[in-house]
Structure formats: structure tokens, C-alpha cells
Number of protein chains: 2
Amino acid sequence: MDGMIDGDGLNELAPGGYYLALRVGFAFPMLEVNALPEPWVEHYTRHRFMLSDPVIRWVYGNTGATRWSGITLDDPLRILSCARTFGLRYGVAVSHFDSADAALRSFGSFVRADREYTDDELHALTTLVRNRHVAAKPPDTLTEAELEALDMVRQGLRLKQIAHAVGVTEGAIKQRLKNAKGKLNAQTSAQAAALASKFGLI
Amino acid sequence: MDGMIDGDGLNELAPGGYYLALRVGFAFPMLEVNALPEPWVEHYTRHRFMLSDPVIRWVYGNTGATRWSGITLDDPLRILSCARTFGLRYGVAVSHFDSADAALRSFGSFVRADREYTDDELHALTTLVRNRHVAAKPPDTLTEAELEALDMVRQGLRLKQIAHAVGVTEGAIKQRLKNAKGKLNAQTSAQAAALASKFGLI
DNA sequence: AATGGATTCACCATAAAGGAGAGTCCCTAT
DNA sequence: ATAGGGACTCTCCTTTATGGTGAATCCATT
């Protein structure tokens, strides 16, 4: 339903579930993918584990990859052992930090129940997070006029209304939307507006 | 540009800026509004203050409202005094927890530079966060068929393609989208899809 | 001065979206 | 049982969006 494809073996690398937070800025990520088991998500949410979670604290304080078992931060709420009771036994945390790119971070947590992760898998997951981080980068080539038109489409205005509000002809708005669709690789204005919104461009 | 209106006096209550995270679930909110001063946002982001920020830790551990000056949690990175150097002098933290509503929390941080907040203002901000929390609640009356159609609109499919993929007539898809627009109070399918996406419905 | 890019606009044909109305199916409350 | 209500379906018609083509303008770079 989501249209997300698994071209990078994520389902095989994390058969027990995973969590991805891509392009975290001030506090929260532009894109969040939560494929952890629902019971654990429910329990984690209800107990507000995030700020105490050693995995979260590790990815905020480090760059690279580590097995959960290699995290030496204290765990007063015993969140990691609690996770095991939900079947989340072996895990890897990956943190990617791209200082050149607006200080945006991406991180992921990956789980399997059968055995500890290998060094190769750690490396593969590091690469995966980096690739997803790059893939989630929004295009920066859209002009102000194009973004303005997209934003008004998102708000439910018609081309005629947009043209009148902006003070140009309807043809100009069409052209702006057409350009925007091309740059966002979108088939329709609705998709382009949704993409621009998801990317935080509007 | 965003269409957000200030019908609740937020600009007067927080002349120095504010931050709102509405309907926080597993880790991240459905809606984030960051109206803090840009230099502070930049500094805060680059230093990854969030997990250490006593204000964030307070809202995650409490319900209600407090002045920043009344937060007794330790502040090893001296984030609050650092904030003062950016002009964020007096602040209020509000945390709203609605256990009856899927364990979703909302919180906000509000700033003014001229004087400490009054009790009345604390109360007003508490009400404001609760109202915003409720207002951000997505409608739950959309049917599966309607959400399916909206999701395919968001992905850039045409009505004809949607109808063919789903196995119904184009007219049926139009009706589903019409119903969805009514329920979401949207003028166009593009707006409806963007709204449903923002609400996390699709 | 020339090149290229971005923007703006017009015109036309076609495709898609939107609106009104009515019928069917199914579940529920009277 | 039966009268609603909601979801779903469909048709007919109107309005709107999209795609293609061409062209003029403005601007920064070469």
C-alpha cells in the first residue's frame, strides 16, 4: 500500500523488524519508517521509552554501527531486556551523520531473533542507512514559484484560483506545476504536492 | 503560506517563539510546528540537544505545565542558560497526555524575553496545547476503500488506473474520493490526499 | 555579444476530475 | 418486517487539468 520497495535486502537483514528515522533535523525526522512488531511499539509508546532507550541515546551520541550487545550506556529501565521479552533479541543500531548536509542525521535500529549480527551485516546496514539517507534527500532545484504553486495545490486551490491569487495567468501556473512534476518525478500535481510536503519543501 | 491561523493568541503568548509537537506516538509527532528563533534552532540541532534538554525530559516525564525556571531536572550541558544567550529567557513547557486516545501525547515550549509567565498564561497555554491536540486529531470515519483511493491518488495514479487496479468503475472511485473530500473537508483530491497523508491515515 | 537557463504566456486537443442524481446492498434500530 | 442510514455503484454532463508546441522575456555567465 505504501509503495515502498525493498531493493536493499532490508527484510532479510532485519527479519525481526526495524526502525528508520531519516534526516533528523531540529528534533524530529523528515521520514520515519517503523516496521517493529506492533506489541513492542505499543509497549514502548505507552511507557515513553524513547528518551531512556540506550539505543536512541547511542545513535544520538555516536556515528557508525554497533550491536545492541556492544552498547555500554546504562539502561536503568532495562529496556533492552524488556525488548527481548517481546522477541527483539539481537539488534544493530546505525547512526549516520552528514555534517556537510545541513547537519542532518539518520539512524536505524534493526532486529533479528535467531542469532547475533555478523560484521558483514553490520557493514551492510551501515551502507543501507547511508543510502536511504541520500535517497531521502529532497530535490533542491525547485524554484520559489514552483513551490508556491505546489503549496496552493496542497491547500486545495484550483489553477484558476492560484493564478488569480498569485497574479499571473493560468498558463503560467500550469507551466510551474509541470516543471515541479518533472523535478519531483511525479505523474500528477497531487503526487507532486504530496512529495513536496513529505520532503518539507512546502 | 502555510494556511495556519493564530486564533488562540499563540503569537501574543509566545512572542519569543514556540515549539509544538502534536500527537507524539512511538517516537515522533504527527505534526511539528517550530517557530523558535532560527539561530537557536541551528545551534540546538547541530549540538543534538534534544535528548539532554531538561524541557524535553520534563514534558516526557510529566503532564501539565511548568515554567522553565521551575524545572528541577539537572542540566549538565547548561542548555537553558545557553538558550538565554540566544534571547530565550523566560519559558513555559506544557505536556498533554491523553491516555484514552491511543496513548498519544502533545507538548509545547513557549518563550518570551521580557518577563516571567503568569499563572493565567500558564493556564492559557495548557488549554492551547489541549485544543491543538484535539484539533490535530484525524477523522476516523474514512472507509478502507476511501483511504485506498486517496493513497493511490497520492502515489500519482489516475482515476482510470485506480479503478482498473482496484477492479471497480471509474465512477466508483470518483464517489469514494468525493466522500473522502467531504469527510476531510477538502476541496480537491490533491488536498484530501495531502491531508490524509499528514494525518498518517495512508 | 552570445549562450543557456529559467520564467512567462498563448493556443489547442485530449484526458481527467468534479457534480448531480439515482439505484443496490447490507446492517441496524424501531 | 421494515424503515433508515451508510457504503458502494453507476450514468450523464460540465468543468478542470494535462500535454504538446512554440515563442517572448529576463538574467547571469561566458
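Anyway, here's the lowdown on the structure attached to this text. (Residues numbered from 1 in each chain as written. Chains lettered and ligands numbered in written order. Predicted model: local features only at pLDDT ≥ 70, side-chain atom pairs only at ≥ 80, totals over all residues. Heavy atoms only, no water.)

## Brief notes about the protein's contact with DNA strand C
Here comes step 1: Close to DNA strand C lie 17 residues; A:Thr143, A:Arg176, B:Leu159, B:Lys174 and B:Ser189 are nearest.
Here comes step 2: Expressed as a percentage, the sugar and phosphate content of the atoms of DNA strand C within 4 Å of the protein is 68%.
Here comes step 3: Taking A:Thr143, its side chain carries an N or O atom lying 3.0 Å from a phosphate oxygen of DNA strand C.
Here comes step 4: In the environment of DNA strand C, a base oxygen lies 2.4 Å from a nitrogen or oxygen atom belonging to the side chain of B:Lys174.
Here comes step 5: Grouping the amino acids of the surface near DNA strand C by side-chain chemistry returns three nonpolar, six polar and eight charged. (Near = heavy atom within 4 Å. Polar contact = N/O pair within 3.5 Å; in protein donor to acceptor, adjacent residues only side chain to side chain. Nonpolar A, V, L, I, M, F, W, Y, C, P; charged D, E, K, R; others polar.)

## Concerning the interface of chain B and chain A
Here comes step 1: Counting residues at the interface gives 43 residues for chain B and 44 residues for chain A.
Here comes step 2: For the chain B and chain A pair, buried surface summed over both sides reaches about 4100 Å², with 64% attributable to carbon and sulfur atoms.
Here comes step 3: It is B:Phe26, B:Phe28 and B:Arg48 that lose the most area in chain B upon contact with chain A, and together they represent 23% of the buried surface on that side.
Here comes step 4: Inspection of the chain B/chain A interface yields zero salt bridges.
Here comes step 5: Counting across the interface, chain B meets chain A through six residue pairs in polar contact (both at pLDDT 80 or more).
Here comes step 6: Among the elements of the structure, β1 (17–24), β2 (29–34), α2 (38–46), α3 (54–61), β5 (104–112), α6 (144–154) and α9 (189–198) of chain B are those that each provide at least two residues to the side of chain B that touches chain A.
Here comes step 7: The element that contributes the greatest number of residues to the side of chain B that touches chain A is α3(B), accounting for five residues.
Here comes step 8: Here the side of chain B that touches chain A is built from residues that sort into 21 nonpolar, 13 polar and nine charged. (Contact = heavy atoms within 4.5 Å. Buried area = accessible area lost by both parts, 1.4 Å probe. Salt bridge = Lys/Arg side-chain N within 4 Å of Asp/Glu carboxyl O. Helix = DSSP H or I, 4+ residues; strand = E, 2+ residues; numbered from the N terminus.)

## Concerning the protein's contact with DNA strand D
Here comes step 1: For DNA strand D, the set of nearby residues contains 20 residues, the closest of which are A:Lys174, B:Thr143, B:Thr169, B:Gln175 and B:Arg176.
Here comes step 2: The sugar-phosphate portion of DNA strand D accounts for 69% of its atoms within 4 Å of the protein, the bases making up the rest.
Here comes step 3: Within the side chain of A:Lys181, an N or O atom sits 3.2 Å from a phosphate oxygen of DNA strand D.
Here comes step 4: One of the side-chain nitrogen or oxygen atoms of B:Thr143 is found 3.0 Å away from a phosphate oxygen of DNA strand D.
Here comes step 5: At five residues, the largest contribution of residues to the surface near DNA strand D is made by helix α8 (residues 170–184) of chain B.
Here comes step 6: Of the residues contributing to the surface near DNA strand D, the split by class is four nonpolar, seven polar and nine charged.

## Describing the packing of α6(B) against α9(B)
Residues and elements named next belong to chain B.
Here comes step 1: It is the contact of α6 with α9, at a shortest axis distance of 9 Å, that shows an interaxial angle of 105°. Classified by the angle between their axes, α6 and α9 sit roughly perpendicular to one another. Of the residues in α9, those touching α6 at Leu150, Val153 and Arg154 are Ser189, Ala192, Ala193, Ala196 and Ser197.
Here comes step 2: Considering only residue class, the contact of α6 with α9 consists of five nonpolar, two polar and one charged. (Axes fitted to C-alpha atoms, helices over the stretch in contact; angles between N-to-C directions. Parallel < 35°, antiparallel > 145°, perpendicular 65-115°, else oblique.)

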